[in-house]
Amino acid sequence: MAEGVTRDDLRAAVASGVIDEGQAVSLQTLSDQRMGYRANMVGDDEPFELFKGFAEIFVTVGLGLLISGLLGLTAIFGGFALIPIAMMALSIILALYFTKRRRMSLPSIALCVGFALGLLALMDGLMSDAVNASLLTGLAGMVGIAIYYRLFKLPFAMFVFSLFALMAVTGIVESIEPPPREGVSSGRSLIDMFGVTRYFDLRNSPYMAIGTLVFGVLAFLGAIYFDTKDPHRVSRYASTAFWLHILAAPALVNTLVMSNYTMGGLGTVIAIAVLTVFTLLAVIIDRRSFLTAGLVYMGLLISQAVSETGTDWAPVITMLVLGVFVTTLGAFWTQARATIMGALPDFPGKERLPPYAAGLFVSD
């Protein structure tokens, strides 16, 4: 059987300028449809590439040493106040080669982080006496990273952009939210131990939780936008969506599940229902981040149910049940998704999600 065009071939062609990303997506779509997407698919995983080989790790270490040395010279001859500006300038200059020309993954991520840290340090110095430094820093960071993303088309930059957006949301909430309500307790010591109710529990901190929820919704919509631009996931759009899902999933899952879980009683039932919905959503959009974000709550709910039977084996049974569930779903993800998607009626955008059935041919 003849092989179709591989994704590595297309990425190399895009990187070398032979074709653009739109043409790459169109070519891969045609190839996949003619051969059958699932038969031609490399596994059933989400595309994610942190580094391509040890050479990128080696280059990243070198970049760290080089930037550190140049920043040291800046501090000696120009003063410490120039370090943030120098760091941002160095990151951009080096990214013009390692990101825009060489398309190296790990060095590009490191340079983006360097630019963001320089911008954060610069804003921290300028806004030290501002009334709402978090909001102003977050907004400035969003603008700076948006320009960075526009210039280098780096998917990871959207992750950093979202972090600055979350900082801006925190700044808005801090300016309007009253002090936390002392009389409200989650009633779940394990959740309280990590202090996360401050950010996600609608009863304990409603303004912050609503802000986190709004952030999660916007990040999710942005991720879906990029996902639908590349349903076959061969270009940077899919990678950009991946990084947005990484932040959207915990923001949504934590807020909606924790706010119900900490109530107990009926809230526990609602939390289970919400987790079920998120599990189905993860399968439908073919993104595992929502399922991963809910694993902690699944474990807590299973452990609670087992403990109520009077057994002392709750931790062991919880790990076994979760292990069987995650392993089974991971092994048969493609088949489970094909069954669920096939059973669902048509809905807007369904055809723009990743293909879910074998034998997707086009007529000759």
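Preceding this section is the structure that the text describes.
Throughout this document, residue positions are counted from 1 along each chain, in the order its sequence is written. Local features are withheld for residues below a pLDDT of 70 in this predicted model, meaning they are given only at 70 or higher, and side-chain atom pairs are given and counted only at 80 or more; totals for whole chains, interfaces and linings count all residues. With hydrogens and water stripped out, all remaining heavy atoms of the structure feed into the side-chain values.

Trainee: Which residues make up the overall build of the protein chain, and what values go with them?
Mentor: By the criteria applied, helices consist of DSSP H or I runs no shorter than four residues and strands consist of E runs no shorter than two, each listed in order from the N terminus. Summing up its helical and strand segments, the protein chain has 17 helices and zero strands in all. Only protein chains enter the accessibility calculation, which uses a 1.4 Å probe; a residue is then buried when its area is under 20% of its type maximum, exposed when over 50%, and partly exposed in between. Evaluated residue by residue, the protein chain yields a buried proportion of 45% over its 364 residues. Within the protein chain, counting contacts between residues at least 6 apart in sequence, those at least 24 apart form 67% of the total. Total accessible area on the protein chain is roughly 18,800 Å²; 70% of this is exposed by carbon and sulfur atoms. It only takes one pair of heavy atoms within 4.5 Å for two residues to be counted as in contact. Calculation of accessible area relied on Shrake-Rupley with a 1.4 Å probe; when residues are assessed, cover is drawn exclusively from the protein chains displayed.

Trainee: Explain the packing of helix α6 (residues 105-126) against helix α8 (residues 155-176) residue by residue, including any values.
Mentor: Packed helix pairs are characterised by how far apart their axes lie and by the angle those axes make with each other. As a rule, the C-alpha atoms of each element are fitted with a line to give its axis, helices using only the stretch in contact, and angles between N-to-C directions run from 0 to 180 degrees. Running from N to C, α6 and α8 cross one another at 25°; their axes reach a closest spacing of 9 Å. Judged by the inter-axis angle, α6 sits roughly parallel to α8. Once α6 is placed against α8, the crossing between them reads as right-handed. Contact residues: α6 offers I109, C112, V113, A116 and L120, while α8 offers F156, A157, V160, F164 and M167. Working rule for angles: under 35 degrees goes down as roughly parallel, over 145 as roughly antiparallel, 65 to 115 as roughly perpendicular, anything else as oblique. A crossing counts as left-handed when the near helix is turned anticlockwise from the far one by less than a right angle, and as right-handed when that turn is clockwise.

Trainee: Please set out helix α15 (residues 295-307) residue by residue, giving values where relevant.
Mentor: Spanning 13 residues, α15 covers 18 Å between terminal C-alpha atoms, matching the ideal 18 Å at 1.5 Å per step. Residues of α15 that are buried include every one of Y297, M298, G299, L300, L301 and V306, and no others. Working rule for helices: expected span equals 1.5 Å times residues minus one.

Trainee: Before we move on, could you go through the nonpolar core and cite the residues and values that matter?
Mentor: Note on terminology: a nonpolar core comprises buried Ala, Val, Leu, Ile, Met, Phe, Trp, Tyr and Cys residues joined through side-chain atoms within 4.5 Å. By size, the foremost hydrophobic cluster in this structure holds 43 residues, and its most contacted members are L111, Y148 and F156. Elements with a minimum of two residues in this core: α4 (54-77), α5 (83-98), α6, α7 (133-152), α8, α11 (206-229) and α12 (236-261). If one sorts the elements of this core by residue count, α8 sits on top with nine residues. In contact with L111, other than residues within four places in its own chain, are L63, I67, S91, L94, A95, F98, T99 and Y148. If you look at the next biggest cluster of nonpolar residues, it comprises 31 residues, including A282, V283, I285 and M298.

Trainee: Give me the packing of aromatic side chains: which residues, what numbers.
Mentor: By convention, a stacked pair of Phe, Tyr or Trp rings (six-membered ring in the case of Trp) has centres within 6.5 Å and planes under 30 degrees apart, an edge-to-face pair has planes over 60 apart, and any other such pair is tilted. Taken as a whole and assessed by the stated rule, the structure comprises eleven aromatic pairs. With 5.7 Å between their ring centres and 10° between their planes, F278 and F290 make a pair best called stacked. Of the two residues, F278 sits in helix α13 (residues 266-285) while F290 sits in helix α14 (residues 289-293), which places them twelve residues apart along the sequence. An aromatic cluster is present here, built from F156, F159, F242 and W243 joined pairwise through their rings. Over the ring of Y237 we find K229; its NZ or CZ atom is 5.0 Å from the centre of that ring. In this arrangement the basic side chain of R288 is found over the ring face of W333, its NZ or CZ atom lying 4.3 Å from the centre. Criterion for a charge above a ring: Lys NZ or Arg CZ within 6 Å of the ring centre, and within 35 degrees of the ring normal.

Trainee: Go over the side chain of T279 with me, naming the residues and quoting the values.
Mentor: Mapped onto the secondary structure, T279 falls in helix α13. Look at T279 and you get buried, because its relative accessible area is 16%. In this view, T279 contacts L291, M298 and F325; residues no more than four positions away in its chain are not counted.

Trainee: Give a detailed account of the pattern of salt bridges, specifying residues and quantitative values.
Mentor: Salt-bridge detection follows one rule: a side-chain nitrogen of Lys or Arg within 4 Å of a carboxyl oxygen of Asp or Glu. Enumeration over the complete set of coordinates arrives at three salt bridges. In this structure, R288 and D286 form a salt bridge, with 4.0 Å as the shortest nitrogen-oxygen distance. Like R288, the residue D286 is buried in the burial classification. Between D346 and K350 there is a salt bridge whose closest N-O contact spans 3.9 Å. For D346, a relative accessible area of 71% puts it in the exposed group. Judged by relative accessible area, which is 7%, K350 ranks as buried.

Trainee: Any details on the packing of α4 against α5? Residues and values, ideally.
Mentor: Two elements in contact, α4 and α5, have axes separated by 10 Å at closest approach and are oriented at 145°. Both α4 and α5 take part in a crossing whose hand is right-handed. Contacts between α4 and α5 involve V59, L63, L66, I67, L70, L71, T74 and A75 from the former and I83, A86, M87, L90, L94 and F98 from the latter. Charged residues are taken to be Asp, Glu, Lys and Arg, nonpolar residues to be Ala, Val, Leu, Ile, Met, Phe, Trp, Tyr, Cys and Pro, and polar residues to be all remaining types, Gly included. The class makeup of the residues in the contact of α4 with α5 is 13 nonpolar, one polar and no charged.

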